[in-house]
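As a plain string of letters, each chain reads:
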Amino acid sequence: MEEIATTIPSVTEAVVGLDVSINNVWLLVATFLVMFMQPGFAMVEAGFTRAKNTGNILMKNFMDYAIGSVSYWLIGYSIMYGTGNALFGDFSMAFFNPGEDSYGAGYSDFSDIMFQTVFAATSATIVSGAMAERTKFNAYLVFSLVITVLIYPVSGHWTWGGGWLSKMGFIDFAGSTIVHSVGGWIGLAGAMILGPRLGKYVDGKAKAIPGHNLTIGALGVFILWFGWFGFNPGSELSATGGSTSNIAKVALTTNLAAAGGAIAAMLTAWARYKRPTLSLSLNGALAGLVAITAGCAAVSPLGALAIGVIAGIVLVFSVEFIDQTLKIDDPVGAISVHGVCGALGTLLVGVFATDGGVLYGGGFKQLGVQTVGVVSIGLWAFATGFILFKVLKATNGLRVSKRIEEEGLDVYEHGEGVYN
Amino acid sequence: MEEIATTIPSVTEAVVGLDVSINNVWLLVATFLVMFMQPGFAMVEAGFTRAKNTGNILMKNFMDYAIGSVSYWLIGYSIMYGTGNALFGDFSMAFFNPGEDSYGAGYSDFSDIMFQTVFAATSATIVSGAMAERTKFNAYLVFSLVITVLIYPVSGHWTWGGGWLSKMGFIDFAGSTIVHSVGGWIGLAGAMILGPRLGKYVDGKAKAIPGHNLTIGALGVFILWFGWFGFNPGSELSATGGSTSNIAKVALTTNLAAAGGAIAAMLTAWARYKRPTLSLSLNGALAGLVAITAGCAAVSPLGALAIGVIAGIVLVFSVEFIDQTLKIDDPVGAISVHGVCGALGTLLVGVFATDGGVLYGGGFKQLGVQTVGVVSIGLWAFATGFILFKVLKATNGLRVSKRIEEEGLDVYEHGEGVYN
Amino acid sequence: MEEIATTIPSVTEAVVGLDVSINNVWLLVATFLVMFMQPGFAMVEAGFTRAKNTGNILMKNFMDYAIGSVSYWLIGYSIMYGTGNALFGDFSMAFFNPGEDSYGAGYSDFSDIMFQTVFAATSATIVSGAMAERTKFNAYLVFSLVITVLIYPVSGHWTWGGGWLSKMGFIDFAGSTIVHSVGGWIGLAGAMILGPRLGKYVDGKAKAIPGHNLTIGALGVFILWFGWFGFNPGSELSATGGSTSNIAKVALTTNLAAAGGAIAAMLTAWARYKRPTLSLSLNGALAGLVAITAGCAAVSPLGALAIGVIAGIVLVFSVEFIDQTLKIDDPVGAISVHGVCGALGTLLVGVFATDGGVLYGGGFKQLGVQTVGVVSIGLWAFATGFILFKVLKATNGLRVSKRIEEEGLDVYEHGEGVYN
């Protein structure tokens with residue numbers, strides 16, 4: 001008996017250890033997939049803009065990941081996840097370096113900061129698209145740093161960090177609002193302050209400035225779709241117990257929403273512009289992906305398809321509205337994809353979330369909470385972005401000179417062209 | 001003692017739960033890798049065709065994944081895996097949405113439909129290559145839908161769905177025939193009915209129409225090779241127990257066959273055409289991958305290498321034969337790679353499968369069963385594809401007008417060029 | 001009691017089995033990621049060279065993976081990991097095909113050979129960059145074979161194979177020296193013997209020959225960064241027990257070093273050449289990745305950042321020194337990235353390794369051991385490479401004719417251009 005009595009605790013301990021190991025592997029794999037979204041964004045933004053500015057957009061996408069990786073580790077993570085108060089974390093985890101056997105949440109704390117880092121970098125990289133082809137490179141580096149070190153972590157603290165929105169019951173599973181619309185609204189502020197690219201609006205009419213290589217743009221969207229299987233299913237933060245089923249369900253809802261978004265955007269474009277255009281179909285998939293990110297764990301597969309379809313339709317009208325009515329020049333459609341569809345998807349959680357298999361019965365209450373989250377985070381991101389860009393404009397300057405914009409940012413800002 | 005007695009069952013239960021979780025994570029990772037083969041196919045097909053049709057081929061590859069994701073979830077999965085009879089499943093799993101804790105096969109049922117969806121989409125996307133540069137886009141959408149909703153699920157039911165071929169002992173581990181040759185033979189039917197591209201055969205002689213960007217073509221093949229590590233090892237559907245060793249062995253056999261195919265095709269091209277061409281070497285790797293897919297779990301590493309080498313050699317002669325003797329215009333070689341080498345690899349299981357370390361001793365019996373499977377599924381795919389394309393040709397039209405083909409499908413069918 | 005007594009051993013056995021399964025899945029996923037570095041290298045090398053030689057560089061990158069996959073399985077693995085003596089393994093594992101349930105190291109032996117194969121292929125593929133745009137294709141195939149079958153396995157046996165350097169306490173966790181600098185020094189020997197490309201040095205002055213497509217170059221670097229999450233964390237060879245935390249920590253140190261390398265190289269280039277150039281920033285990230293590979297498990301996050309920053313700075317000066325002072329023509333900077341920064345990072349382990357949270361206190365002893373490893377492996381790689389290239393030059397010829405180099409290797413060596 002003695003032998004059995006000593007064996008059982010150690011077996012139990014081993015089982016708990018394996019549970020942690022599985023979750024840890026899952027979280028790391030998800031981290032790698034989300035990190036891989038960075039070239040996805042880079043290829044989309046490079047493909048949808050002009051060849052003379054390709055080096056600049058690549059450099060921005062590349063360096064914001066590098067800067068965000070350092071700055072979020074250095075201080076951003078602590079501001080977001082430090083205990084602090086309802087509005088702001090603290091500095092207790094600056095220069096994050098927990099002990100070797102630190103498993104705060106059922107997986108290594110090192111995995112946690114890596115997973116959170118790639119999310120912060122996603123939020124930052126969205127901005128470059130909306131402000132492409134005319135922003136000074138040194139200004140970009142500064143605001144990219146401020147986003148990962150301050151803007152994103154603060155609203156992140158309100159929600160995932162346990163702050164006031166989290167306490168209200170705000171649902172944003174993987175960050176339609178927390179990650180994507182934050183990037184989208186900062187980009188909106190930037191695009192407004194920058195003004196349109198030269199030649200974009202002639203006699204008050206919007207002129208299309210086609211991207212130089214939709215092949216790599218399409219590759220980028222495929223990469224993003226692939227990476228989203230880390231973004232959404234990974235946000236379950238576990239792969240065992242009840243999460244075993246949940247991560248798989250989230251993969252399905254994510255995929256259906258992306259597909260629905262692509263199909264709906266294609267058909268909407270076909271009906272409205274007489275052609276099933278590649279660029280809008282690609283952005284439709286991204287719209288579906290962004291929109292399902294909030295509710296991927298809360299809705300049924302059919303609900304996910306509905307959210308994707310709605311996002312795909314809204315995307316087409318939003319792009320047109322921002323481009324032609326508001327006359328805000330967003331070269332890659334980032335404001336519509338990430339800002340508008342991020343907000344939309346977060347609100348739709350209040351419509352399509354299910355409880356025990358039936359559509360959510362909480363009446364307008366959840367919808368109200370969702371609205372509070374969307375609006376408050378939206379205002380925070382837009383306002384801080386607006387102030388930041390105004391300050392940069394007044395000090396360093398935000399936009400390149402007319403001559404540089406005409407001849408291309410690559411040669412003047414970076415000293416080399418991309419295609420030779 | 002009481003304490004121990006209650007602990008043991010719960011520990012046992014926990015261990016079973018972890019086993020399920022590991023398999024589930026493995027299956028999801030494999031799913032994501034197979035999904036990532038979609039941009040692999042897109043880049044290969046775009047790279048091997050002309051710039052004026054790039055948007056069209058990208059759009060086809062992109063939308064068939066979107067459509068397949070929805071339609072296979074909606075009904076295809078149920079037709080393939082519903083109990084039904086020996087020939088056809090049923091509709092019991094339409095709008096698939098199992099309960100949260102549904103683990104029919106040792107992993108989440110949600111993982112199962114995701115894994116099966118990406119396989120269905122693979123079969124569908126192969127067709128676009130064989131019919132590239134001349135097929136109407138709206139017709140493509142229709143037949144892509146029919147493939148994922150009917151053609152692929154029905155023969156899939158005969159095999160993986162437990163139907164008549166499965167009962168005969170047909171071996172096609174990950175789908176050389178079930179997935180790849182189905183796509184290849186439908187493509188053959190399509191290419192025959194469409195006829196060759198304008199300018200392909202001049203005075204009865206085949207003229208090479210080189211692809212516009214083999215760099216992205218090569219990237220696509222690398223991506224496919226990478227994704228195949230989900231396709232084949234993932235098809236073990238487990239990562240624990242005896243599967244622990246099997247999934248690793250399948251990774252090795254898959255890699256050796258791909259390598260063997262590339263080397264053999266390069267050498268064959270070098271001997272026959274005096275040059276080690278990139279395009280045939282790339283297709284040689286794909287030939288090896290397609291061929292090993294049926295037998296990857298049943299053959300030894302050396303056997304896998306042999307299958308890859310044979311496929312790489314056959315590939316070169318098959319491409320030449322189809323192009324110059326049969327005068328069927330297959331712009332990317334999809335019929336040879338997926339149809340011919342899929343059938344070949346399935347037959348070679350009957351030659352190279354090992355039993356207890358020695359070459360398969362079942363005489364001609366297994367080879368006979370393999371032949372029945374290859375022929376019956378081949379006829380099904382070719383015949384249904386043939387009828388489908390004939391109906392589309394008679395109603396909607398299958399081929400674009402001469403003018404659109406000459407000036408490029410991108411501008412006319414989609415309203416935008418890819419390169420600007 | 002009888003029942004409990006029989007249950008406990010079987011539960012313990014199941015737990016051990018699951019532990020093996022988790023490690024095995026982890027190792028396979030890492031293998032796939034490292035394999036995916038191959039297109040990363042291919043895109044970097046293709047993007048940084050000229051369009052007329054793109055097919056050739058793609059073909060080299062593609063075929064060295066194919067050849068390495070076969071040859072390392074055939075014999076290289078056995079030379080590296082066979083017991084043998086302190087200098088050389090043996091041939092006991094040629095045509096590697098262990099039994100189905102062979103778990104020598106806590107995971108399937110099949111996983112082990114796959115993981116080791118992709119490392120061998122990484123070492124081999126580095127060489128093609130340093131010798132780009134002027135090397136005969138058939139010579140390349142021969143030396144690629146010799147590298148994976150002999151040069152890499154022998155020095156690999158000294159270290160990971162348990163040979164003399166391993167016994168001295170040499171630390172090179174994932175292969176800064178064992179993999180990367182081996183490739184780099186062989187490339188150095190090759191570039192020296194080949195001589196510079198035509199037009200590279202005019203009147204004794206180095207002339208920049210810009211790459212034809214930095215977009216795919218940037219994509220390649222992103223892919224390499226992604227794949228490195230298999231390379232370094234995977235080299236822990238386990239994901240359970242203490243490794244649970246270690247693999248996550250290695251992911252963090254790897255990411256911080258890459259980021260630090262990119263930022264430091266950008267700033268150094270900005271200060272020195274007045275422009276933050278894309279090409280040097282990209283290579284800076286690679287320099288950080290190569291440098292951290294030796295010490296990723298031994299240093300703190302802050303130490304990793306420091307190693308990355310140092311590597312990023314050194315990279316810029318090394319590229320300039322090799323290009324302009326030594327006048328050795330390395331089209332993609334492979335000697336600086338993999339040779340110099342591989343050696344540098346291995347030495348820095350002796351500076352930044354921590355023990356119980358404080359900087360390594362072993363004085364100069366570890367630094368001495370690291371130096372012995374760096375120098376002995378460096379000499380081995382350079383000398384064998386030098387002899388190999390001299391022999392090839394004297395027999396088959398190593399460099400293409402002037403006419404082929406001027407008109408492009410694609411058409412003459414491979415019979416087809418890449419862009420049409």
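Residues numbered from 1 in each chain as written. Chains lettered and ligands numbered in written order. Predicted model: local features only at pLDDT ≥ 70, side-chain atom pairs only at ≥ 80, totals over all residues. Heavy atoms only, no water.

Q: What should I look at first to understand the relation of the copies chain B and chain A in this one?
A: Each of the two chain copies can be brought onto the other by rotation about an axis and movement along it. For the match of chain B to chain A, the screw axis carries a shift of 0.0 Å, the RMSD comes to 0.0 Å, and the turn is 120°. On the angle and the small slide along the axis, the relation comes out as a three-fold axis. The share of interface residues of chain B whose copies in chain A are also at the interface is only 18%, consistent with the copies meeting through different surfaces. (Least-squares fit on C-alpha atoms with pLDDT ≥ 70 in both. Contact = heavy atoms within 4.5 Å.)

Q: Quick question: what am I supposed to make of the interface of chain B and chain A here?
A: Often, the extent of an interface is quoted as the loss of accessible area on bringing the components together. Across the contact, 65 residues belong to chain B and 58 residues belong to chain A. Summing the contributions of chain B and of chain A, the shared interface buries around 4900 Å²; its carbon and sulfur component is 80%. Counting the surface chain B buries against chain A, the share from its top three residues, L18, F32 and F62 of chain B, is 14%. Run the count over chain B and chain A and you get 0 salt bridges. At the junction of chain B and chain A, the tally comes to 14 residue pairs in polar contact (both at pLDDT 80 or more). No other element matches the 17 residues that helix α1 (residues 2–35) of chain B contributes to the side of chain B that touches chain A. Here the side of chain B that touches chain A is composed, by residue class, of 43 nonpolar, 18 polar and 4 charged. (Buried area = accessible area lost by both parts, 1.4 Å probe. Salt bridge = Lys/Arg side-chain N within 4 Å of Asp/Glu carboxyl O. Polar contact = N/O pair within 3.5 Å; in protein donor to acceptor, adjacent residues only side chain to side chain. Helix = DSSP H or I, 4+ residues; strand = E, 2+ residues; numbered from the N terminus. Nonpolar A, V, L, I, M, F, W, Y, C, P; charged D, E, K, R; others polar.)

Q: Could you clarify how one ought to interpret the relation of the copies chain A and chain C in this entry?
A: Expressed as a screw operation, the relation of chain A to chain C combines 0.0 Å of axial shift with a rotation of 120°, fitting to an RMSD of 0.0 Å. The share of interface residues of chain A whose copies in chain C are also at the interface is only 18%, consistent with the copies meeting through different surfaces.

Q: Can you help me understand unusual backbone geometry in this one?
A: Among all residues except glycine, the phi angle is most often negative; among peptide bonds, the trans geometry is most common. Residue and element names in this part refer to chain B. Look at L237: it is not a glycine, yet its phi comes out positive at around 65°. Judged by relative accessible area, L237 falls into the partly exposed class, the value being 29%. You will see that K274, though not glycine, has its phi angle at about 70°, which is positive. On the secondary structure map, K274 appears in the loop between α9 (243–273) and α10 (278–295). For K274, a relative accessible area of 57% gives the class exposed. (Buried < 20%, exposed > 50% of the residue type's maximum accessible area, 1.4 Å probe, protein only.)

Q: Hey, could you run me through the packing of aromatic side chains in this one?
A: Given two aromatic rings, one states the distance between the centres and the angle between the planes to describe the pair. For the structure shown, the criterion picks out 69 aromatic pairs over all chains. With 5.4 Å between their ring centres and 45° between their planes, Y77 of chain B and Y81 of chain B make a pair best called tilted. Taken together, the residues span about one helical turn, with Y77 of chain B and Y81 of chain B both in helix α3 (residues 54–81) at a distance of 4 residues. Taking 4.9 Å as the distance between ring centres and 75° as the angle between the ring planes, the aromatic pair formed by Y140 of chain C and F143 of chain C counts as edge-to-face. Highlighted residues: Y140 of chain C and F143 of chain C, both in helix α5 (residues 137–158), separated by 3 residues, approximately one helical turn. Chaining the aromatic ring pairs together yields one cluster made of F36 and F226 of chain A, F36 and F226 of chain B together with F36 and F226 of chain C. The ring of Y201 of chain A has K200 of chain A lying over it, and the distance from NZ or CZ to the ring centre is 5.8 Å. (Phe/Tyr/Trp six-rings, centres within 6.5 Å; stacked < 30°, edge-to-face > 60°. Lys NZ or Arg CZ within 6 Å of the ring centre and 35° of its normal.)

Q: Sorry, what's going on with the interface of chain A and chain C here?
A: Residue-level contacts link 65 residues of chain A with 59 residues of chain C. For the pair chain A and chain C, the summed buried area comes to about 5000 Å², and 80% of that belongs to carbon and sulfur atoms. In terms of surface lost to chain C, no three residues of chain A exceed L18, F32 and F62 of chain A, which account for 14% of the buried area on that side. The set of elements that each furnish at least two residues to the side of chain A that touches chain C consists of α1 (2–35), α2 (37–47), α3 (54–81), α4 (109–130), α5 (137–158), α8 (214–234) and α15 (409–414) of chain A.

Q: It is not clear to me how helix α10 (residues 278–295) of chain C should be interpreted in this structure. Could you clarify?
A: Since there are 3.6 residues in each turn of an α-helix, residues three or four apart along the chain are aligned in direction. All names here are of chain C. Taking 1.5 Å as the rise per residue, α10 with 18 residues should run 26 Å; its terminal C-alpha atoms sit 27 Å apart, in good agreement. The buried fraction of α10 is high, at 18 of 18 residues. The N-cap residue of α10 is T277: its side-chain oxygen and the backbone nitrogen of L280 are 3.4 Å apart. (Expected span 1.5 Å × (residues − 1).)

Q: What am I meant to see in α8 of chain A here?
A: Residues and elements named next belong to chain A. Its 21 residues place the ends of α8 29 Å apart at the C-alpha level, agreeing with the 30 Å of an ideal helix rising 1.5 Å per residue. The sharpest bend along α8 measures roughly 30° and falls at G227. For α8, a buried count of 21 out of 21 residues is recorded, marking the element as mostly surrounded by other parts of the structure. Between the side-chain oxygen at the start of α8 and the backbone nitrogen of T215 there is a gap of 3.0 Å, and the oxygen is on N213. (Bend = angle between axes of the 7 residues up to and from the residue.)

Q: Just to check I follow, could you spell out the side chain of H180 of chain C for this structure?
A: Residue and element names in this part refer to chain C. Relative to the assigned elements, H180 resides in helix α7 (residues 176–194). Residue classification places H180 among the buried residues on the basis of a relative accessible area of 0%. Within polar-contact distance, the side chain of H180 engages the side chain of H338 at 3.0 Å. Setting aside residues up to four positions removed in sequence, H180 forms contacts with T122, I126, G175, W228, F231, V290, T293, H338 and G339.

Q: Mind showing me how you'd approach the side chain of S279 of chain C here?
A: By secondary structure assignment, the location of S279 of chain C is in helix α10. Of the residues examined, S279 of chain C reaches a relative accessible area of 15% and is grouped as buried. Beyond its immediate stretch of four places on either side in the chain, S279 of chain C contacts E416 of chain A together with F48 of chain C.

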